[in-house]
Every structure is written in C-alpha cells, then in structure tokens.
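Now for the letters of each chain:
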Amino acid sequence: MKEKLMLWDYLNHVIQSWNGDVVIMGDFNEVRMKSDRFGSVFNAHGAMAFNSFITNAGLEEIPLGGSSYTWCHKSATKMSKLDRFLVSENLLISCPNITAITLDRYLSDHRPILLRESRFDYGPIPFRFYHHWIEVDGFSSFVARTWSDLPGNNSNDMCNLMSKLKSLKVKIREWNKHHQNVTKASISRLKEDLKSLDMEIDIGKGTTDMNSKRAELIISIQEIDKIHSMELAQKAKINWCIEGDENSHFFHGMINKRRSQMSIRGIMIDGFWTEDPCKVKCAFYDHFSSRFTKPVSHRATLNFQFPKTLNLDQRSDLEREVTKDEIKKAVWDCGTDKSPGPDGYTFGFFRSFWNSIEEDVFKAVKFFFNSGDIPSGCNSSFIVLIPKIPDANLVKDFRPISLIGSIYKIIAKILANRLVGVVGDIINEVQSAFIADRQILDGPFILNEMLQWCKLKRKQSLIFKVDFEKAFDSIRWTSLMTS
C-alpha cells in the first residue's frame with residue numbers, strides 16, 4: 001500500500017510539472033469501485049487513494065466499451081478492471097469524440113485496450129428553444145407576428161396548438177440561420193473597426209471622438225458575447241450560472257466533456273461489441289418495446305374514478321371547468337429550463353410569449369378536460385436512456401425515461417394542483433411521506449416507540465420491513481442531473 005501511495009504522488013508530481021495534455025494508460029493494478037472486481041476482495045482504502053490521485057491530478061477516465069473486465073485469472077473465477085485510459089480534462093474537452101474499447105485477449109490474461117476518436121451520425125439534431133433568442137432585438141415581435149399569421153389546424157383545438165407550434169419551429173429555424181449569418185458579419189465588422197481605431201490611437205492620432213467610438217465598439221462586442229454565453233450556458237445545463245458569468249470557453253468545454261462522458265458509443269449484443277447506430281437503436285427498441293403497451297404517440301385518455309372518501313364538494317372542485325388563471329399558474333409552477341420533449345419548447349418560451357399564445361393554450365387544455373382525450377401525435381415523447389452503472393455496456397444497464405411535451409406537463413400540473421387539496425383525505429393517515437405537513441421520519445419514530453413499548457411490557461411482536469425499489473433508485477444520478 002505504501003509503495004502505491006508513493007507511485008501516485010510521483011505521477012501527480014510529474015503531471016503537475018508537465019506543460020501540456022496528459023494521457024496515462026495501462027495496468028494500474030488497482031480498481032476504482034467495488035463493481036470493478038469479481039470473485040476477489042475489494043480494497044476500499046486502495047480504491048480511495050487511487051480515486052484521490054485521479055482527482056488531484058486533474059484527470060478524467062475515458063469510458064471503456066466492450067468487456068467490463070480487462071484482467072481474468074487463468075481459472076476464470078476472478079476478474080477485475082485494471083487497465084484504463086486516464087487523460088487530462090483539457091484533452092477531453094478539445095476531443096469530445098475519443099472513445100476506448102477492449103479487444104480480445106486470446107492467450108494473455110489482459111485484454112488490450114484501444115484509444116481512438118470516432119464519430120457517429122444519429123440523425124438530425126432536434127429543435128430546441130434557446131432563451132438567449134429573447135434578448136435579440138426584434139425576435140419577440142417576430143414570434144408574436146408569426147404566431148398570429150400561422151394557419152393552424154381546424155380539426156380540434158389541441159391539434160391546432162400543436163400544428164402552430166410545429167410551424168413556428170420552421171420559422172424560428174429560418175430566423176436563427178439568418179441571425180447567425182448577420183451576427184458573424186457584425187462581429188467581423190466590429191473587430192475590423194476596433195482594429196483600425198487601435199492603429200490610429202497607437203500612433204498618437206487618437207481623439208476624444210475615437211475613444212468614445214472605441215468604447216461603444218467594445219460594448220457592442222461584449223453584448224454579442226454575452227448572448228453567445230447564454231446559449232452555451234443553456235446547452236451545458238449550468239443551473240448555477242449567474243449574471244455576469246460569461247466564460248464561453250468554460251461552457252463550451254462543459255458541453256464537449258458531457259458529450260464525451262454521456263454519449264452511448266456502442267453496446268454488447270450477444271457477446272460482441274457493436275457501434276453501428278442502426279443495430280444499437282434496434283437492440284434498445286427490442287429490449288424496451290415490451291414495457292410500453294402502446295406507442296408513445298398514441299392517444300392518452302382521461303379515465304378517473306373518484307375515491308369513496310371524497311364528498312360532493314371535493315368532487316365538484318376536481319371536476320370544475322378549467323380557467324385561464326389555473327393554466328397560467330400551472331405554467332409558472334414548472335421550471336423554465338427543463339429538458340423538452342419533441343416539441344422543443346421550454347416553459348421559458350411559454351412565459352415570454354404568454355400574451356400571444358395564451359388563448360390557443362387555453363383552448364387546447366380545455367379541449368382535453370372536456371373530451372378527456374389527447375389526439376394521436378399530440379402526446380409524442382423522447383425516450384432517453386439513463387445509465388444505471390458506470391461504463392454501461394449492455395442494454396439492461398440503461399433505464400428509459402420519457403421527455404414529454406409542454407402541453408402534457410401543463411395538464412399534469414393542473415391535475416396535481418387540484419389533487420393537493422384533497423390528497424390528505426384520500427391517503428391513509430399512516431403514510432408519513434410525500435404528503436404536506438407529514439414527515440417521512442415519523443415512521444421510524446413510531447416504530448422505535450413501538451419496539452420500546454414491546455420491550456417494556458414484554459410483549460411478543462413481529463416487525464416486517466419491506467423495501468420497495470423505485471425506478472430512480474437504480475440509476476446514476478450524475479447522469480440524470482445533467483441530461
């Protein structure tokens with residue numbers, strides 16, 4: 001153990017003194033977590049020292065595709081993940097497409113590992129509304145004007161809203177393409193003007209008007225950079241970004257780093273590693289299709305039966321007509337920058353353009369409460385795969401979650417807000433969690449009092465503890481929080 005600590009300290013010293021990117025690979029003869037060993041004893045202290053070295057040296061591990069273990073005992077009763085690639089964080093940021101895979105070991109007890117850079121085309125990038133567009137002059141009026149001119153769909157109010165949102169996406173894409181071209185030309189022009197002024201000032205020909213114009217040019221460039229930073233901050237999912245934090249390089253690095261760490265490069269199918277996008281998609285579809293009784297875009301019907309414990313006033317409160325104020329409250333209760341569904345619109349869009357779209361949203365939500373039905377195509381969702389374990393290589397190592405559209409979220413929030421007022425009468429008083437004015441710790445406290453009472457009275461008792469594993473108990477929360 002002492003020799004390994006000396007090795008980690010020596011490597012850390014070499015890395016800190018090296019001026020450039022670092023790539024360390026090979027057999028480290030140490031693991032990082034308990035799941036990296038099979039059939040042998042896990043040394044927690046050694047793993048802690050190894051992980052501390054990786055953190056202190058500013059290194060990142062490249063996710064390893066293929067076999068989960070790189071070393072195997074000749075008896076095949078012991079296996080470990082000893083071989084890995086550790087690279088500096090800057091390299092992972094500048095090369096987001098680098099991957100590592102294991103190869104066949106044949107006669108050796110170690111599997112060779114291969115580091116490479118690979119790109120895969122998984123189709124066009126879905127549309128997403130970016131909040132920095134709102135800061136651009138003329139965008140708000142463009143959206144309001146375009147929305148009023150959109151034809152819509154006359155079949156029903158919900159299809160009409162979804163059709164207008166879909167058509168608006170096309171218009172926004174065209175506007176964004178034109179805006180990017182104009183911005184690039186504007187940046188080039190401002191920099192050229194600033195360069196010319198600096199040349200005049202440097203040779204002593206500067207005037208008060210030149211200094212004022214130079215200050216104006218700098219402010220204009222900073223405003224464009226600020227908007228660009230807002231775009232990168234939303235892409236990087238930096239929730240703690242504050243006003244004035246405009247480190248575009250940092251945000252860009254976060255995007256590339258997350259893309260490298262979270263992307264699915266390939267999976268194991270029947271014992272063979274494959275990176276073919278078509279085969280990967282088919283494997284996930286075959287595995288998870290049995291969990292869904294009908295397609296994601298199929299109709300969703302409201303079929304609600306009231307519990308017998310509710311009185312007439314409570315039932316009428318749940319069945320009352322939906323109002324504009326109730327819908328607006330539901331929109332404002334949702335987060336502005338949650339991961340969107342196929343429509344691509346966040347609630348930041350709904351809040352910013354509420355005056356323009358309020359009437360259409362109200363009619364669509366009212367249509368659902370009157371008909372109890374979401375038409376086909378209006379309830380489409382993205383299925384996102386969240387890894388359960390580090391270095392997930394098998395289909396079963398991923399858990400699917402749905403990214404639903406904004407209208408579905410609004411309807412669900414309205415129903416949830418209505419149930420809050422009556423849920424206390426529906427849920428039994430012995431349930432101590434997830435209800436207002438009840439604490440989850442009440443259960444253990446009551447159980448402790450019962451045990452003490454049984455001991456004091458010398459009563460025979462039987463305690464039956466059941467632990468239900470929920471869906472989100474078996475996933476990597478780091479992946480979920482950043483997806």
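What you see is a predicted model, and the numbers here were worked out from it, not measured in a lab.

> Just checking my understanding: could you explain the packing of aromatic side chains for this structure?
How two aromatic rings sit relative to each other is given by the distance of their centres and the angle of their planes. For the coordinates displayed, the defined rule picks out 25 aromatic pairs. Aromatic pair Phe50 and Phe53: ring centres 6.4 Å apart, planes at 15°, arrangement stacked. A residue pair is termed a helical-turn pair when its members lie 3 or 4 positions apart in one helix, as Phe50 and Phe53 do in helix 2 (residues 44-56) at 3 residues. Note on Phe53: relative accessible area 4%, which makes it buried. With a centroid separation of 6.3 Å and 40° between ring planes, the pair formed by Phe139 and Phe142 is classed as tilted. Highlighted residues: Phe139 and Phe142, both in helix 4 (residues 139-149), separated by 3 residues, approximately one helical turn.

> Would you mind going over a nonpolar patch on the surface with me for this structure?
Together, Leu7, Tyr10 and Val14 line one region of the surface with nonpolar side chains, adding up to about 280 Å² of accessible area. Mapped onto the elements, Leu7 comes out in helix 1 (residues 2-17).

> How should I be thinking about the side chain of Asp397 in this particular structure?
Residue position: Asp397 is located in the loop between strand 14 (381-387) and strand 15 (398-404). Once residues within four sequence positions are removed from consideration, Asp397 is found in contact with Ile386, Pro387, Lys388, Ile389 and Ala392.

> What's the story with the pattern of salt bridges in this structure? I'm lost.
It is possible for side chains bearing opposite charge to pair when their charged atoms get close. Scanning the entire structure with this criterion turns up 13 salt bridges. A salt bridge links Lys324 to Glu359; its shortest N-O distance comes to 2.8 Å. Taken together, the positions of Lys324 in helix 10 (residues 324-333) and Glu359 in helix 12 (residues 354-371) put the pair 35 residues apart, joining distant regions of the chain. Connected via shared salt-bridge partners are Arg32, Asp36, Glu61, Lys81 and Arg84.

About the cut-offs
Residues numbered from 1 in each chain as written. Predicted model: local features only at pLDDT ≥ 70, side-chain atom pairs only at ≥ 80, totals over all residues. Heavy atoms only, no water. Phe/Tyr/Trp six-rings, centres within 6.5 Å; stacked < 30°, edge-to-face > 60°. Helix = DSSP H or I, 4+ residues; strand = E, 2+ residues; numbered from the N terminus. Buried < 20%, exposed > 50% of the residue type's maximum accessible area, 1.4 Å probe, protein only. Patch = residues over 30% accessible without salt bridge, like charges linked within 9 Å, V, L, I, M, F, W, Y side chains within 5 Å. Areas by Shrake-Rupley, 256 points an atom, 1.4 Å probe, with all protein chains shown as cover. Salt bridge = Lys/Arg side-chain N within 4 Å of Asp/Glu carboxyl O. Contact = heavy atoms within 4.5 Å.

Limitation: the analysis is restricted to geometry and does not speak to function.
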